[in-house]
Amino acid sequence: MSRKSLPKHTDDKNLTRGEFDWAVSDENVMCIKWKDKRCVSVLSCLPDCTDTVIIKRKERNGDIIDVRCPKAVSDYNKNMGFVDHFDHLKSLYEIDRKSRKWWHRLFFHFLDMTVINAYILYNMLPNINADIKNVKTFRMEVIRSLVVMGKEGTSKKRNLSSPAQMKAHKFSVPGDVRLANAQHLPVRSTSKRCIVCSTRETQKNPMDVSNM
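Note that the coordinates shown come from a computational prediction; the quantities given were computed from them, not determined experimentally.

A. Expanded view of the pairing of strand β4 (residues 52–58). Relative to strand β5 (residues 64–70), β4 runs antiparallel, the two being bridged by seven bridges. Within β5, the position partnered with V53 by the bridge is C69. Between the antiparallel neighbours β4 and β5 lie five residues, among them G62 with a positive phi of about 95 degrees.

Quick look at the structure:
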């Protein structure tokens, strides 16, 4: 839609504060023109553009007055800035994994969007955990929940007699110990190998498997 297809409204000089005019464009979209201190024009899909609400405005002398405002403009003022707030939350702890494949970047972007949307919905619940106050704590709780859910899948023994099964490396750690502790979280260390998942017989920095 361009300015050429917009309908004509009442001139700004003929509108006083709190008055508005509306019309239907060629694309059947409601166009509302409302005057506060200046004239504001918005497009609306509300069924009734004549719905109004009373808003508060402060004069230069400090007096608070009531001004009639279209509901479409009032809803826009209440909800504006949500996209910027969402982008801010997403940029705090987003997945910073570079890839030359374009669909990888889309996948990580949608994954971050899913986590932020879940965090926003979680804050809307009436009884929420007071310990989860920010996005970082929420992400860690999601990670821990997914790791615990994967415990049932790792406890099942795989059928190695399948003809399509590839020959795997021989693990130095017994299978019952390796699979029983597969839900551990990574910790910072100088070693690049995990004692639970590694195939080497000796480790540079051995760690206690029971503490993982």
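Still to come is the rest of the account.
B. Geometry of the nonpolar core. Core analysis: the largest hydrophobic core is formed by 11 residues, namely F20, M30, I32, W34, V42, C49, I55, V67, C69, A72 and V73. Elements with a minimum of two residues in this core: β2 (30–35), β5 and α1 (71–79). Sort the elements by how many residues they give to this core and β2 lands first, with three residues. Once residues lying within four places of it in the same chain are set aside, the contact partners of C49 are F20, W22, M30, I32 and S44.

C. View of the packing of aromatic side chains. The full count for this structure, using the stated rule, is three aromatic pairs. Look at Y122 and F138: their rings are 5.7 Å apart centre to centre, the planes differ by 45 degrees, and that puts the pair in the tilted class. A residue pair is termed long-range when its members are at least 10 positions apart, and Y122 in helix α3 (residues 102–123) and F138 in helix α4 (residues 135–149) qualify at 16 residues. The pair formed by Y122 and F138 is uniform in burial state, with each residue classed as buried.

D. Representation of the packing of helix α2 (residues 82–92) against α3. The N-to-C vectors of α2 and α3 enclose an angle of 115 degrees; their axes lie 10 Å apart at closest approach. Here α2 is positioned roughly perpendicular relative to α3, judged by the angle of their axes. When the axes of α2 and α3 are compared, the crossing they make is right-handed. Of the residues in α3, those touching α2 at F86, L89 and K90 are H109, D112, M113, I116, N117, Y119 and I120. Taken together, the residues of the contact of α2 with α3 sort by class into six nonpolar, two polar and two charged.

E. Region of the structure containing the sheet that holds β2. Read across the sheet, three strands follow the order β1-β2-β3 without closing on themselves; strand pairing throughout is antiparallel. In the strand order of this sheet, the two ends are held by β1 (20–24) and β3 (39–44), each with one partner. Direction aside, neighbouring strands of the sheet carry axes that sit 15 degrees apart on average. As defined by bridge partners, β1 adjoins β2 across five bridges and the pair is classed as antiparallel.

F. Region of interest: a nonpolar patch on the surface. A contiguous nonpolar patch, built from W102, W103, L106 and F110 and spanning about 490 Å² of accessible area, is present on the exposed surface. Within the element layout of this structure, W102 appears in helix α3.

G. Representation of the UniProt feature "transmembrane region" (unreviewed entry) in the protein in the model. UniProt's entry tags residues 106–125 with the feature "transmembrane region" (unreviewed entry), counted in the numbering of this structure. Within the segment residues 106–125, helix and strand shares are 90% and 0% respectively, and the terminal C-alpha atoms sit 29 Å apart.

H. Spatial organisation of the packing of α3 against α4. Interhelical geometry of α3 versus α4 gives an angle of 110 degrees and a closest axis separation of 10 Å. Between α3 and α4, the crossing angle belongs to the class labelled roughly perpendicular. Note on element contacts: α4 touches α3 through V135, F138 and R139, opposite D112, V115, I116, A118, Y119 and Y122.

I. A look at α2. Along α2, the positions that sit buried rather than exposed are F86, L89 and K90. The buried residues of α2 all sit within an arc of 100 degrees when viewed along its axis, so they share a single face. In this structure, the buried side of α2 is in contact with α3 and α4.

J. Highlighting the environment of G18. On the secondary structure map, G18 appears in the segment before β1. For G18 and I54, which are 36 residues apart along the polypeptide, the C-alpha to C-alpha distance reads 9.4 Å. Residues in contact with G18, not counting those within four places in the same chain, are W34, K35, V67 and R68.

K. Broad picture of the pattern of salt bridges. Applying the stated criterion to the full structure yields nine salt bridges. Two residues, D12 and K33, come together in a salt bridge whose shortest N-O distance is 2.4 Å. Of this pair, D12 sits in the segment before β1 while K33 sits in strand β2, placing them 21 residues apart in sequence. Residue D12 is classed as partly exposed on the basis of its relative accessible area of 38%. When its relative accessible area of 13% is taken as the criterion, K33 is described as buried. In this structure, D36 and R57 form a salt bridge, with 2.8 Å as the shortest nitrogen-oxygen distance. With D36 in the loop between β2 and β3 and R57 in strand β4, this residue pair connects regions lying 21 residues apart in the sequence.

Conventions adopted
Residues numbered from 1 in each chain as written. Predicted model: local features only at pLDDT ≥ 70, side-chain atom pairs only at ≥ 80, totals over all residues. Heavy atoms only, no water. Pairing = 2+ DSSP bridges. Helix = DSSP H or I, 4+ residues; strand = E, 2+ residues; numbered from the N terminus. Core = buried A, V, L, I, M, F, W, Y, C linked by side-chain atoms within 4.5 Å. Buried < 20%, exposed > 50% of the residue type's maximum accessible area, 1.4 Å probe, protein only. Contact = heavy atoms within 4.5 Å. Phe/Tyr/Trp six-rings, centres within 6.5 Å; stacked < 30°, edge-to-face > 60°. Axes fitted to C-alpha atoms, helices over the stretch in contact; angles between N-to-C directions. Parallel < 35°, antiparallel > 145°, perpendicular 65-115°, else oblique. Left-handed = near helix turned anticlockwise from the far one by under 90°. Nonpolar A, V, L, I, M, F, W, Y, C, P; charged D, E, K, R; others polar. Patch = residues over 30% accessible without salt bridge, like charges linked within 9 Å, V, L, I, M, F, W, Y side chains within 5 Å. Areas by Shrake-Rupley, 256 points an atom, 1.4 Å probe, with all protein chains shown as cover. Salt bridge = Lys/Arg side-chain N within 4 Å of Asp/Glu carboxyl O. UniProt positions renumbered as here; feature names shortened; annotations may be inferred. Arc of directions from axis to C-beta.

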